[in-house]
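In case you want the letters, here they are:
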Amino acid sequence: MQNASDSSLVGEEYEVEVGPVAHGGHCIARTEEGRVLFVRHTLPGEKVVARITEGEEDSRFLRADAVRIIEASKDRVEAPCPYSGPGNCGGCDWQHAKPGAQRRFKGEVIAEQLQRLAGLTPEEVGWDGTVMPAPGDKVPPGEVPAWRTRVQYAIDTEGRAGLRKHRSHDVQPIDHCMIAAPGVTELGIEKQDWPQMATVEAIAASGSNDRQVILTPRPGGRLPLVELDKPVSVLRVDEHDGGVHRVHGRAFVRERADDRTYRVGMGGFWQVHPQAADILVKAVMQGLLPRKGDMALDLYCGVGLFAGAIADRVGEKGAVLGIESTKRAVEDARHNLQDFERVRIEHGKVDQVLPRTKITEVDLIVLDPPRAGAGKQTVHHLAGLGARRIAYVACDPAALARDLAYFRDTGYKPRTLRAFDLFPMTHHVECVAILEPAKEGR
């Protein structure tokens with residue numbers, strides 16, 4: 001949208017040489033005057049015409065779209081999705097890049113964030129620089145893996161389902177999302193009209209045939225009669241308290257990982273890629289190497305994925321304490337792990353609950369914090385517990401790098417880091433870092 005200010009540069013075009021990829025799904029370029037541009041829909045090394053989408057004369061940097069490619073990268077492909085490109089759907093960042101190049105870019109972003117925010121090299125964190133695809137996701141250039149088991153559709157004023165444009169509330173109506181998992185696509189959300197709805201979230205469990213839609217009405221909106229192409233349970237978001245309530249069908253879906261079934265209620269958090277939970281559990285367990293009788297912490301534990309995996313391995317004499325801030329997830333975790341007598345799940349924020357537990361020593365810690373990371377206070381508390389190993393699961397490389405710096409300051413160093421491309425076509429990437437005391441014999 002055009003900025004009302006006279007100093008707005010929105011709509012201005014610059015011919016630029018494109019530099020390295022940056023965190024956030026764009027590349028860095030500079031105008032002849034030295035202005036910094038964050039440019040989407042381009043690739044490193046290209047020469048493009050960039051049109052400004054956000055920024056003013058005195059802005060520290062400008063955002064832009066590549067609207068014309070003058071010299072293309074060898075990594076460029078024709079975007080398979082018809083809704084990809086400048087001004088269209090903002091769900092994907094790299095439709096125009098070969099799959100192998102996407103993973104390489106993500107690796108470059110991780111390395112840059114580690115160096116800039118923590119002063120760490122790949123060698124210092126025990127990482128070979130690769131970003132591993134999930135099995136089955138290695139598709140030829142021009143094809144797209146259908147992986148997303150949860151899709152939140154935005155609904156426009158005419159009741160059409162679509163996805164939001166980049167950094168915008170505007171809706172791009174679509175008739176098919178290419179990265180949506182088959183279980184989502186088969187519901188036929190895009191074929192229906194959704195009058196008076198703001199959003200419709202579709203969930204297709206990968207551990208069962210459970211299907212669920214979560215409706216968020218516009219203020220004062222009435223729920224439609226939901227008739228989809230497959231059996232589905234329906235939930236709604238209350239416009240007053242934001243709570244999720246069951247309309248009909250199950251209030252949860254059943255997911256499966258590490259040979260256990262997990263109940264995930266009311267649209268609660270579960271990894272979006274169908275193989276992500278198993279991949280991450282395997283990486284965490286290989287890094288922690290739990291022993292019989294170990295005492296472990298699972299922080300930001302959700303519905304108990306890692307707590308269950310650890311409990312299986314530490315045996316009857318071991319113990320696991322999970323901490324989770326979402327009340328419904330705590331209820332699910334307690335249900336999911338009820339077979340383990342020595343697993344306890346506490347409700348509350350980690351930085352508040354952990355000090356109240358009076359725990360002074362543990363053997364193992366796994367933490368899977370939200371995008372902002374764990375933060376200095378929590379990291380310092382964890383470092384004082386003397387854990388033999390710590391597994392840090394990160395969905396944001398910047399937060400990971402900041403927290404690794406805090407861990408280094410408190411006497412912990414990365415032993416290994418692994419990176420997984422569990423969000424193909426987007427800029428997101430998942431990492432698992434394994435830390436250990438920097439001094440032998442601690």
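As the structure is a prediction and not an experimental result, all values here were calculated from the model.

Conventions we followed
- Residues numbered from 1 in each chain as written.
- Predicted model: local features only at pLDDT ≥ 70, side-chain atom pairs only at ≥ 80, totals over all residues.
- Heavy atoms only, no water.
- Helix = DSSP H or I, 4+ residues; strand = E, 2+ residues; numbered from the N terminus.
- Buried < 20%, exposed > 50% of the residue type's maximum accessible area, 1.4 Å probe, protein only.
- Salt bridge = Lys/Arg side-chain N within 4 Å of Asp/Glu carboxyl O.
- Pairing = 2+ DSSP bridges.
- Axes fitted to C-alpha atoms, helices over the stretch in contact; angles between N-to-C directions.
- Contact = heavy atoms within 4.5 Å.
- Phe/Tyr/Trp six-rings, centres within 6.5 Å; stacked < 30°, edge-to-face > 60°.
- Arc of directions from axis to C-beta.
- Polar contact = N/O pair within 3.5 Å; in protein donor to acceptor, adjacent residues only side chain to side chain.
- Core = buried A, V, L, I, M, F, W, Y, C linked by side-chain atoms within 4.5 Å.

### A short note on unusual backbone geometry
Here's step 1: A positive phi is found at H41, a non-glycine position, where the angle reads about 65°.
Here's step 2: Checked against the element boundaries, H41 lands in the loop between β3 (36-40) and β4 (47-54).
Here's step 3: Note on H41: relative accessible area 9%, which makes it buried.
Here's step 4: Backbone geometry at D258 places phi at a positive 55°, although glycine is not the residue there.

### Side note on the pattern of salt bridges
Here's step 1: Scanning the model with the defined rule gives 27 salt bridges in all.
Here's step 2: The shortest N-O distance in the salt bridge between D210 and R250 comes to 3.2 Å. Of this pair, D210 sits in the loop between β10 (197-204) and β11 (211-217) while R250 is found in the loop between β13 (244-248) and β14 (252-257), placing the two residues 40 residues apart along the sequence.
Here's step 3: With a relative accessible area of 8%, D210 lands in the buried category.

### Some thoughts on the sheet that holds strand β6 (residues 131-133)
Here's step 1: Pairing in this open sheet of eight strands is mixed, and the strands run β6-β21-β22-β20-β19-β16-β17-β18 from one edge to the other. What marks the edges here is a single partner per strand, and that holds for β6 and β18 (343-347). Each neighbouring strand pair of the sheet contributes to a mean axis angle of 20°, computed without reference to strand direction.
Here's step 2: In this sheet, strand β20 (residues 389-394) lies alongside strand β19 (residues 364-367) in parallel orientation, the contact comprising four bridges. Opposite I365, over in β20, you have I390 as the bridge partner.
Here's step 3: This element, helix α3 (residues 276-288), spans β19, β20, β21 (412-421) and β22 (430-437) of the sheet and lies at about 15° to β22.
Here's step 4: The strands touched by helix α4 (residues 305-314) within the sheet are β16 (295-299), β17 (319-324), β18, β19 and β20, with β17 carrying the most contacts at an inclination of about 175°.

### Quick word on the pairing of strand β5 (residues 62-71)
Here's step 1: Relative to β5, β3 is paired through four bridges, and the arrangement is parallel. The partner of V39 across the bridge, within β5, is A64.
Here's step 2: Pairing between β4 and β5: seven bridges, direction antiparallel. Within β5, the position partnered with V49 by the bridge is R68.

### Focus: the packing of aromatic side chains
Here's step 1: Enumeration according to the criterion identifies five aromatic pairs in this entry.
Here's step 2: Look at W147 and F423: their rings are 5.9 Å apart centre to centre, the planes differ by 90°, and that puts the pair in the edge-to-face class. Note that W147 is positioned in the loop between β6 and β7 (150-155) and F423 in the loop between β21 and β22, a separation of 276 residues in sequence. Comparing W147 with F423, the two get one shared label, buried.
Here's step 3: Here Y262 and W270 contribute two aromatic rings whose centre-to-centre distance is 5.6 Å and whose plane-to-plane angle is 40°, an arrangement assigned as tilted.
Here's step 4: Relative accessible area serves as the criterion here: at 5%, W270 is assigned to the buried category.

### Things to note about helix α7 (residues 376-383)
Side chains that are three or four residues apart share a direction in an α-helix, a result of its 3.6 residues per turn.
Here's step 1: All buried positions along α7 are accounted for by T378, V379, L382 and A383. Looking straight down α7, one finds that the buried residues subtend no more than 135° of arc, so they occupy a single side. Exposed side chains of α7 directed beyond 90 degrees from the buried face belong to K376 and Q377.
Here's step 2: Buried residues belonging to α7 abut β16, α6 (350-356), β19, α8 (397-409) and β21.

### What about the sheet that holds β7?
Here's step 1: An order of β9-β8-β7-β10-β11-β12-β13 is seen for the seven strands of this open sheet, with the pairing classed as mixed. Two strands bound the open sheet, and with one partner strand each, they are β9 (171-173) and β13. For this sheet, the mean angle separating the axes of adjacent strands, direction not counted, is 35°.
Here's step 2: With two bridges connecting them, β7 and strand β8 (residues 161-164) associate as antiparallel partners. Its bridge partner lying in β8, I155 is registered against A161.

### Here we look at the environment of E255
Here's step 1: Mapped onto the fold, E255 is located in strand β14.
Here's step 2: Take E255: its relative accessible area is 2%, and that puts it in the buried class.
Here's step 3: Taking the C-alpha atoms as reference points, E255 and G221, separated by 34 residues in sequence, lie 31 Å from one another.
Here's step 4: Among the polar contacts made by the side chain of E255, one reaches the main-chain amide nitrogen of G207 at a distance of 3.2 Å.

### Some points on the nonpolar core
Here's step 1: Residues Y153, I189, W194, V213 and V284 are the most contacted members of the largest nonpolar core, which totals 80 residues.
Here's step 2: Examining the composition of this core, we find that nine residues originate from one element, α3, more than from any other.
Here's step 3: For V213, the contacting residues outside a window of four places in its chain are L187, I189, V200, E201, A202, V226, L228, V232, S233, V234 and L235.
Here's step 4: If you look at the next biggest cluster of nonpolar residues, it comprises 40 residues, including W127, V131, A374 and A387.

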